[in-house]
Amino acid sequence: MKKPITKKFIIAISLALLLLPLVSFSAEPKVYLSAGDTAWMLTCTALVLFMTIPGLALFYAGLVRSKNVLSVLMQCFAITCLVSLVWFALGFSIALGNGGAMNSVWGGLANAFGNGIDFDSLYTVDKSTGASIPKILVLMFQMTFAIITPALIIGGFAERMKFSSMLWFSAAWVLLVYAPVCHWVWGGGFLKDTWDLAGGTVVHINAGVAALVAAIMLGRRKGFPNTPMPPHNLALTVAGASMLWVGWFGFNAGSGLMAGNAAAMTMLVTHLGASTGALAWMFMEWKKFGKPSVLGIVTGMVAGLGTITPASGHVGPIGAIIIGLSAGIVCFYATQYLKRVLKIDDSLDVMPVHGVGGILGVMLVAVFGLTLDGLQKGVADAPSISTQLGHQALAVVVTITWCALMTFIILKVIDKFNGLRVNSDDENEGLDITQHDEKGYNF
Amino acid sequence: MKKPITKKFIIAISLALLLLPLVSFSAEPKVYLSAGDTAWMLTCTALVLFMTIPGLALFYAGLVRSKNVLSVLMQCFAITCLVSLVWFALGFSIALGNGGAMNSVWGGLANAFGNGIDFDSLYTVDKSTGASIPKILVLMFQMTFAIITPALIIGGFAERMKFSSMLWFSAAWVLLVYAPVCHWVWGGGFLKDTWDLAGGTVVHINAGVAALVAAIMLGRRKGFPNTPMPPHNLALTVAGASMLWVGWFGFNAGSGLMAGNAAAMTMLVTHLGASTGALAWMFMEWKKFGKPSVLGIVTGMVAGLGTITPASGHVGPIGAIIIGLSAGIVCFYATQYLKRVLKIDDSLDVMPVHGVGGILGVMLVAVFGLTLDGLQKGVADAPSISTQLGHQALAVVVTITWCALMTFIILKVIDKFNGLRVNSDDENEGLDITQHDEKGYNF
Amino acid sequence: MKKPITKKFIIAISLALLLLPLVSFSAEPKVYLSAGDTAWMLTCTALVLFMTIPGLALFYAGLVRSKNVLSVLMQCFAITCLVSLVWFALGFSIALGNGGAMNSVWGGLANAFGNGIDFDSLYTVDKSTGASIPKILVLMFQMTFAIITPALIIGGFAERMKFSSMLWFSAAWVLLVYAPVCHWVWGGGFLKDTWDLAGGTVVHINAGVAALVAAIMLGRRKGFPNTPMPPHNLALTVAGASMLWVGWFGFNAGSGLMAGNAAAMTMLVTHLGASTGALAWMFMEWKKFGKPSVLGIVTGMVAGLGTITPASGHVGPIGAIIIGLSAGIVCFYATQYLKRVLKIDDSLDVMPVHGVGGILGVMLVAVFGLTLDGLQKGVADAPSISTQLGHQALAVVVTITWCALMTFIILKVIDKFNGLRVNSDDENEGLDITQHDEKGYNF
Amino acid sequence: MKLVIAIIKPFKLDDVREALGEVGVQGITVTEVKGYGRQKGHTELYRGAEYVIEFIPKVKLEIATNADQVDKVIETICHSAGTGQIGDGKIFVVDLEQATRIRTGETGSDAL
Amino acid sequence: MKLVIAIIKPFKLDDVREALGEVGVQGITVTEVKGYGRQKGHTELYRGAEYVIEFIPKVKLEIATNADQVDKVIETICHSAGTGQIGDGKIFVVDLEQATRIRTGETGSDAL
Amino acid sequence: MKLVIAIIKPFKLDDVREALGEVGVQGITVTEVKGYGRQKGHTELYRGAEYVIEFIPKVKLEIATNADQVDKVIETICHSAGTGQIGDGKIFVVDLEQATRIRTGETGSDAL
Ligand SMILES: Nc1ncnc2c1ncn2[C@@H]1O[C@H](COP(=O)(O)OP(=O)(O)O)[C@@H](O)[C@H]1O
Ligand SMILES: Nc1ncnc2c1ncn2[C@@H]1O[C@H](COP(=O)(O)OP(=O)(O)O)[C@@H](O)[C@H]1O
Ligand SMILES: Nc1ncnc2c1ncn2[C@@H]1O[C@H](COP(=O)(O)OP(=O)(O)O)[C@@H](O)[C@H]1O
């Protein structure tokens, strides 16, 4: 005979049901599209595109002489267009695809041309809740990172490279340097233990080393270092620097792919790193040269941001301030050294600011990510500082080596079939007229 | 006698309840304010305003001669202010109100001055989940579209129109051309079968045709086409173009009013369309004139964006690339033709870029929206290509006809009571001094 | 004997359970992180930073003479960096910490250096639903307000203040003026009954009064008012003004800390206030001086925005239009009066635009927030207009008094140990060269 | 040889250059200058601060020419630069003692 | 007639223009120039790259005047442009053979 | 005294300044000018609208010098400004009647 169900039983079940929406299963939670996270990541994609155009484009454009202002704007713009297609076609798959057996080395070509990413595909950003964003959005967001990295490099060979060679270089470099390193660090490759939230290795060291190699291979601009080559329009540069700062919020605080506590903390440490780096550089100049300059403060800001970038997922605010401080000081000296001692014409100082800053940040995150209220999420199985320093150092060395080698090869090849540098008369006349038949200003 | 309830029955009910939060009723789901979608639409509103000021304002300002730089900035700015009030007062109601019996023709005046829109009114963006955004936000977001369209038109009559006449024109045009066409296509009017996500007809064809009519009616600038009138500050133009690109993410990816998969796909195809359009124009120039120019690449970008705009809700990435490619090539030739053959002084090329691009995009969406992985949402009852092409062609023809006719009438009337053009001396001296008592630059 | 449970009973319970997720308990709802609200507030933080750099920096930079362009950019930039650290270190705690027994006066130092704010701390923005955002984000968002306020002040002493003194001043002023007033109005202090959504008192009156005091104490620029000192680059100014407008959406519509109906209404009234203010100023100029100017329209826009800022949480659209209108007219006359009658060299008109606008807005919100469809949320226990006017007037008087007094004292002290003004030769030569060893332009 | 210095309205530059070319002038050096004279400058208004701009944008031409060409050059400029309105500008002539072409070292008329 | 060419410090322009007006000079042509001389230029520093700017912004005035006015003009400029510091500038005088007013064709003193 | 007027290619300015310094020239006034001459200007292309830019950026030097220094100055400029290509520019010499140093009132050679 069936036993009648007791009220107690019903109430128990009811209570269980009542609590259901509030507790999470031990089983996988249901994956759902989180409109909030999606909203933030759509915004971040716009912010990071904004960093390159107009941000970086204006920042760099103001620094060159007025006869070359358009060449710099053109290079940033053309890279944006070209790399977008290259990334969609192949880059994303190589960088963030699943390379199967070869996954420690590259992501394969299975996702080439957006293959395998459906309109409805989701990417789960929070395993504990199932919150997800469209997979297409991950491709788009990461595209903007692939755009800005080669755009940073043009600072190394500004005012003298042939436009056509620059295009060849950027496309090849994204596929042969950027995408693999991106895979190793972020795509589950052999450097996956690196702490590098938003691209100390992938973006900044990569860009700095490539710019340095290119600067050496192309040689100095005519007249360097004797002829003054002052920035032609620092108002553009400050405008661009400011846009970089604002856009960097998307760059770093978007790299967690979620709008949550981590994004907020990342935004705070990013901002503090930028502020401290800027002030540190400014005070260095004030002390060494007698006056603080606007170019100095914005350069320190970029150094601070480049340095905090890899660390911004792990350090706390005090760590960020120390990192910003060291960025301002170390990158300041690095710039002096490269320019005055080595006399290398890395024209817009990509290596001393981004490269050196990137290295610094990738190393320091191991220290401050595990101390001073770092380890933002209170990870239980935190590594020891020395273990993590090992991971970080490995990533630095691998990135520098691979990037230097491949950049060298790519440039050599292009030099063979197309030449790298404009001729001397064209350099005198300026790239705007000679490469693009245009003039920047007709006041 | 009452039959005792079995455990099975209870478990069944419990299970049903358990699933309740996860399944959707066949009945209407409960409408709720989605903070995520609202966050994205607030952002998009900012992005689209950003397109006009400073985006378009700088883009256009750099293209004119330095004696007219302020006049262009002023026109964009004043349009922003004036149209905002016009839209709030009447435009929104005409365009997106419910016109009742007359709804196929216009939206009536029931929502004039925000009437009938309460603080709490919601607009449901996803019928299947009930996700909604504030209705006020729809009004605000759409306002930014009403602003940019007349602002685009000023490129047609730049450097010669009286400021007061420009104000009259913009207000009248928004009410008599923009709002009706907007209603027909987006407000449930007789063109509601048109596929036009973000304004190929409403924005781009409308702006292009109006600019062309205005350019013809006002006549050429003094000296055109013999006197060189090179852009006075291409750095501004590139800055503005870049801002247009970034803002366009809000324009297109906001037009679905949600932060979901559709927004992500729209962003991707928008971006690919822009990139391909830009490169296509650049390579056309390179081939035809020997050198790629920065003005060329940014113009191609705008052409690509204008063309992908109507299509960005339906096509897949490969379709977007083809559309971008055709935009770059077709608009390039259209520009040559208008300037060199017809010698019409549509000064900043609004018709060949936006008008022609808009037409192209509105037609091509019917093709690629139904092929090449288009139809992003896998619509079940997809129309045939030819049916859809018919809808699209109708919308194009109606928009061109109505816009040309009404623009002509509005300008004729204004010419009668106020005159359209500044006098010849003032044109020589420049509009900045003669219309606004100011000078752009005092270096 | 146990009574068998009836089906009716089960259904009743089931129904109750069914409704559970939809109704709110009378008890406190569960606090949860709202990704949507967080997404919007992250965006708003970026938007408000964008207002200062590059927005305000460019707006101001265009208005000075070209020999001082960098000094203005530098001041905005350095303030951004310095105040960020000051705010994190002490400002936030003083302004928005819980001051315990002294809470009516200040927030104490318990939250200094981010103390007491954990990675996971949430701040509940909607008590009825439990929707929350990261507490760190509140600190970050408010930081951007603390940055822009001293940056506004530099307009008062532009083209003549020593850079080092400007740094001392900004840091001290944020701690001694901004933070306390912020606490009184927004931090639960003795002015907490003030209606001031986004900073009529805290930001605009404060900045205006401080600028006025500084302008008087530093004295007029050499040559004022006889020598013409026209803006050197109005294109920069319009670009900056446009960015201010766009960023102001984050400033006002973010001040509710949520992405909901209130944010949408705030955005609408903000936009209408800006538009009307701009047009009002433009038409005033047109009538009084014969021509509408671009500097006039953008100044009117800033006046409109400054005035609607305190009101934007309470008024409806019609109220906003009236407020914008009065802002354009009143601030126009105030500017004439200060410059032509009092001949005070508040160089970039901070007091007549922000100060007067702030006072106007803080008073008018009491009127239009309670009439003309104001009181957006239909508050049940609305105060009478006269009661609220009393609260508002008190806040105005207290802010003006405290700000004037403390600004005076801070400047006096700095003058003693460092001097306030550059020497006369340096002023002739320009601050760019003499303070920063740089030149703005080398065309 | 003479050095003819002409100050004209900027928007007349192209006309003058063309007219001079037709009478055989092969070289001109052009400078943007600001002129103060009978022609009143415009007023600029910035937030109610009113500035009378006393200097008006002008263009200065310098033309080295043989003495026997001077009258034709002056006449040509008068014709092509004149609008009949105040501010049309001036033509000054000073004696030119020597001329050298840097490229070749030629001197005198040959250098022009 | 003479052509007086004066190179002065830019911030003295308004004073000089006013002083000249008072002694009856009715026309001046002004050019922005860069001067190299005894006055040392400033140093500019960009990311540690140090440039000594050898050219200093100056303003050049050209004043066509009757021969008998030259001394007064020179004196007036000396007074109004002088600061007593290095770099105050120079005044040069060259002979002016002809002057023509474009608008009317008047020549000689009448054209000034 | 003579006034030497040289029109040269802009990128040669630093070389010329240095060379002149070596032969004892202590003051130069420099103006940015646009030159029209045998050297063809470049073409600019904007959205297919093709402009031949007829005016080429040049730099004008004015050097007041003692009569006996003129030849050396001319020679020095020819050497340091020459590239051997068309458009290298011209050197003109006019007689300088008076020179005054504003700061001190010195005149003649002392003023240079
Ligand atoms: N005495 C002068 N010396 C040098 N330049 C002069 C002189 N008088 C006039 N100019 C130049 O000629 C221009 C036109 O002179 P102005 O008196 O305005 O009209 P007009 O040429 O009709 O007499 C002035 O702007 C100035 O550049
Ligand atoms: N010999 C010269 N020829 C032409 N211009 C000169 C000459 N010497 C000086 N100048 C101009 O006069 C300006 C002032 O000269 P400088 O030697 O600096 O001071 P000072 O006028 O006190 O002697 C220079 O900047 C330059 O423009
Ligand atoms: N007759 C002239 N009068 C004034 N300036 C001249 C004259 N001829 C040439 N110039 C100036 O000299 C510059 C160079 O002259 P150009 O004929 O191009 O080449 P080259 O110096 O090799 O003969 C011109 O751009 C112009 O500025």
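Further up the page is the structure itself.
Notes on the structure in this doc start here. Computed from a prediction, not measured in an experiment: that's the story for all the values here.

Calculation criteria
- Residues numbered from 1 in each chain as written.
- Chains lettered and ligands numbered in written order.
- Predicted model: local features only at pLDDT ≥ 70, side-chain atom pairs only at ≥ 80, totals over all residues.
- Heavy atoms only, no water.
- Salt bridge = Lys/Arg side-chain N within 4 Å of Asp/Glu carboxyl O.
- Helix = DSSP H or I, 4+ residues; strand = E, 2+ residues; numbered from the N terminus.
- Buried < 20%, exposed > 50% of the residue type's maximum accessible area, 1.4 Å probe, protein only.
- Near = heavy atom within 4 Å.
- Areas by Shrake-Rupley, 256 points an atom, 1.4 Å probe, with all protein chains shown as cover.
- Nonpolar A, V, L, I, M, F, W, Y, C, P; charged D, E, K, R; others polar.
- Pairing = 2+ DSSP bridges.
- Phe/Tyr/Trp six-rings, centres within 6.5 Å; stacked < 30°, edge-to-face > 60°.
- Lys NZ or Arg CZ within 6 Å of the ring centre and 35° of its normal.
- 1 Å grid on protein atoms, 1.4 Å probe; cavity = no way out; pocket = protein on both sides within 12 Å on 5 of 7 lines; lining within 4 Å.
- Points joined across faces, edges and corners; volume = space filled by probe spheres on them.
- Least-squares fit on C-alpha atoms with pLDDT ≥ 70 in both.
- Contact = heavy atoms within 4.5 Å.
- Buried area = accessible area lost by both parts, 1.4 Å probe.
- Axes fitted to C-alpha atoms, helices over the stretch in contact; angles between N-to-C directions.
- Core = buried A, V, L, I, M, F, W, Y, C linked by side-chain atoms within 4.5 Å.
- Polar contact = N/O pair within 3.5 Å; in protein donor to acceptor, adjacent residues only side chain to side chain.
- Parallel < 35°, antiparallel > 145°, perpendicular 65-115°, else oblique.
- Left-handed = near helix turned anticlockwise from the far one by under 90°.

So, on to the pattern of salt bridges. Enumeration over the complete set of coordinates arrives at 48 salt bridges over all chains. Put simply, B:Asp349 and B:Lys339 hold a salt bridge, and the shortest N to O gap is 3.2 Å. You can see B:Asp349 sitting in the loop between helix H10 (317-341) and helix H11 (350-368) and its partner B:Lys339 sitting in helix H10, a full 10 residues away along the chain. The same class applies to B:Asp349 as to B:Lys339, namely buried. A salt bridge links E:Asp88 to E:Lys9; its shortest N-O distance comes to 3.3 Å. Of this pair, E:Asp88 sits in the loop between helix H2 (70-81) and strand E6 (90-95) while E:Lys9 sits in the loop between strand E1 (2-8) and helix H1 (13-22), and the two are 79 residues apart along the sequence. The buried category is assigned to E:Asp88, whose relative accessible area is 0%.

Looking now at the site of ligand 3. As a structural note, the neighbourhood of ligand 3 is formed by 21 residues, with D:Thr29, D:Ala64, D:Arg101, F:Arg38 and F:Gly87 the closest of them. Surrounding ligand 3 are residues belonging to chains D and F, so the site spans chains. Summarising the interface, the protein chains cover 99% of the accessible area of ligand 3, which totals 550 Å² for the free molecule. Contributing elements (two or more residues each) for the shell around ligand 3: strand E2 (28-36) and strand E5 (56-65) of chain D together with strand E2 (28-36) and strand E6 (90-95) of chain F. Its residues assigned to classes, the shell around ligand 3 shows 7 nonpolar, 7 polar and 7 charged.

Moving residue by residue along a regular strand, the side chains alternate between the two faces of the sheet. All names here are of chain E. The buried count for strand E5 (residues 56-65) comes to 9 of 10 residues, which makes it a mostly enclosed element. For E1 and E5, the ladder comprises 7 bridges, and the chain directions are antiparallel. The residue bridging Ile8 from the neighbouring strand is Val59, located in E5. Judged from the 7 bridges that link them, strand E2 (residues 28-36) and E5 form a sheet pairing that is antiparallel. For Glu32, the partnering residue across the bridge sits in E5 and is Val59.

Moving on, we get to the packing of aromatic side chains. Enumeration according to the criterion identifies 72 aromatic pairs over all chains in this entry. Through a chain of ring-to-ring contacts, the aromatic side chains of A:Tyr441, A:Phe443, B:Tyr441, B:Phe443, C:Tyr441 and C:Phe443 assemble into a single cluster. Stacked on the ring of F:Phe55, the Lys or Arg F:Lys34 has its end atom at 5.6 Å from the ring centre.

Summed over all chains, the structure comprises 12 cavities of 30 Å³ or more. If you add up the space inside the largest cavity, you get close to 250 Å³. Considering the residues around the largest cavity, the lining is formed by 15 residues, among which A:Leu47, A:Val246, B:Leu47, B:Val246 and C:Leu47 are closest to the centre. Where the lining of the largest cavity is concerned, the elements lending two or more residues are helix H2 (35-63) of chain A, helix H2 (35-63) of chain B together with helix H2 (35-63) of chain C. Looking at the second largest cavity, its volume works out to about 110 Å³. A:Leu236, B:Leu236, C:Leu58, C:Leu236 and C:Ala239 are the residues nearest the centre of the second largest cavity, which is lined by 14 residues in total. Its residues assigned to classes, the lining of the second largest cavity shows 14 nonpolar, no polar and no charged.

Let's shift gears to the relation of the copies chain C and chain A. Overlaying chain C on chain A yields an RMSD of 0.0 Å, the required transformation being a rotation through 120° with an accompanying axial translation of 0.0 Å. Seen this way, the second copy is the image of the first under a three-fold rotation axis. Identified as the residue of chain C closest to the rotation axis by C-alpha distance is C:Gly36, at 2.1 Å. Mapped onto chain A, only 16% of the interface residues of chain C again fall at the interface, so the copies present different surfaces.

Let us look at the interface of chain A and chain E. In this assembly, 18 residues from chain A lie in contact with 8 residues from chain E. At the boundary of chain A with chain E, total buried surface from both sides reaches about 1,100 Å², with 58% on carbon and sulfur atoms. Taken together, the links from chain A to chain E amount to 2 salt bridges. One salt bridge in this structure joins A:Asp349 and E:Arg47, with 3.1 Å as the shortest N-O distance.

Okay, the sheet that holds strand E2 (residues 122-126) of chain C next. Within a sheet, neighbouring strands are paired by backbone hydrogen bonds and run either parallel or antiparallel to one another. Residues and elements named next belong to chain C. Taken in spatial order, the 3 strands make up an open sheet running E1-E3-E2, and their pairing is mixed. Two strands in the sheet have a free side with no partner beyond their single neighbour: strand E1 (32-33) and E2. Sheet topology note: the E2/strand E3 (residues 131-134) ladder contains 4 bridges and is antiparallel. The residue of E3 that forms the bridge with Thr124 is Ser132. Across the face of the sheet, helix H4 (residues 135-153) comes into contact with E2 and E3 while running at roughly 65° to E3.

If you look at the biggest cluster of nonpolar residues, it comprises 490 residues, and the most contacted ones within it are A:Trp40, B:Trp40 and C:Trp40. Leaving out residues up to four positions away in the same chain, C:Trp40 has contacts with B:Ala39, B:Leu42, B:Thr43, C:Leu47, C:Phe249, C:Ala253, C:Gly254, C:Met258, C:Ala259, C:Ala263 and C:Met267. One finds D:Ile5, E:Leu3, E:Val94 and F:Met1 within the second-largest nonpolar core, a separate group that totals 28 residues.

On to the site of ligand 2. Around ligand 2 sit 21 residues in total, of which E:Arg38, E:Gly87, F:Thr29, F:Ala64 and F:Arg101 are the nearest. Mapping the residues adjacent to ligand 2 onto the chains of the assembly identifies chains E and F. One nitrogen or oxygen atom from the main chain of E:Gln39 is found 2.9 Å from an oxygen atom belonging to ligand 2. The contact in question runs from a nitrogen atom of ligand 2 to an N or O atom on the backbone of F:Ala64, over 2.8 Å. Coverage of ligand 2 by the protein chains reaches 99% of its 550 Å² of free accessible surface.

We now examine the packing of helix H7 (residues 234-253) of chain C against helix H8 (residues 261-289) of chain C. All names here are of chain C. As a packed pair, H7 and H8 sit with axes 9 Å apart at the nearest point and diverge in direction by 140°. Of the possible angle classes, the one that applies to H7 and H8 is oblique. Viewed along their axes, H7 and H8 form a crossing whose handedness is right-handed. Along the contact surface, H7 presents Trp245, Trp248, Phe249, Asn252 and Ala253, while H8 presents Ala263, Thr266, Met267, Thr270, His271, Ala274 and Ser275. Per-class residue counts for the contact of H7 with H8 are 7 nonpolar, 5 polar and no charged.

All names here are of chain B. Structurally, Gln75 can be placed in helix H3 (residues 69-96). Residue classification places Gln75 among the buried residues on the basis of a relative accessible area of 3%. Setting aside residues up to four positions removed in sequence, Gln75 forms contacts with Ile154, Phe157, Met161, Phe163 and Met166.

What follows concerns the sheet that holds strand E1 (residues 32-33) of chain B. Residues and elements named next belong to chain B. Pairing in this open sheet of 3 strands is mixed, and the strands run E1-E3-E2 from one edge to the other. Across the chains shown, the open sheet's two edge strands, defined by having one partner strand only, are E1 and strand E2 (122-126). Of the strands in this sheet, E2 and strand E3 (131-134) are in contact with helix H4 (residues 135-153), which crosses E3 at around 65°.

This next bit is on the interface of chain C and chain A. In this complex, chain C contributes 61 residues to the contact, which on the side of chain A involves 62 residues. Counting the surface lost from both chain C and chain A, the interface buries some 5,000 Å², and carbon and sulfur atoms represent 82% of this. Three residues, C:Phe77, C:Phe119 and C:Phe443, lead the burial of chain C against chain A; their summed loss comes to 14% of the area buried on that side. Where chain C packs against chain A, one counts 1 salt bridge. C:Asp437 is paired through a salt bridge with A:Lys291; the nearest N and O atoms lie 3.3 Å apart. Of all elements in the fold, only helix H1 (7-19), H2, helix H3 (69-96), H4, helix H5 (163-186), H7 and helix H14 (431-436) of chain C reach the threshold of two or more residues within the side of chain C that touches chain A. Here the side of chain C that touches chain A takes 13 residues from H2(C), the largest share from any one element. Grouping the constituent residues of the side of chain C that touches chain A by class yields 42 nonpolar, 13 polar and 6 charged.

Shape descriptors only; they carry no functional weight alone.
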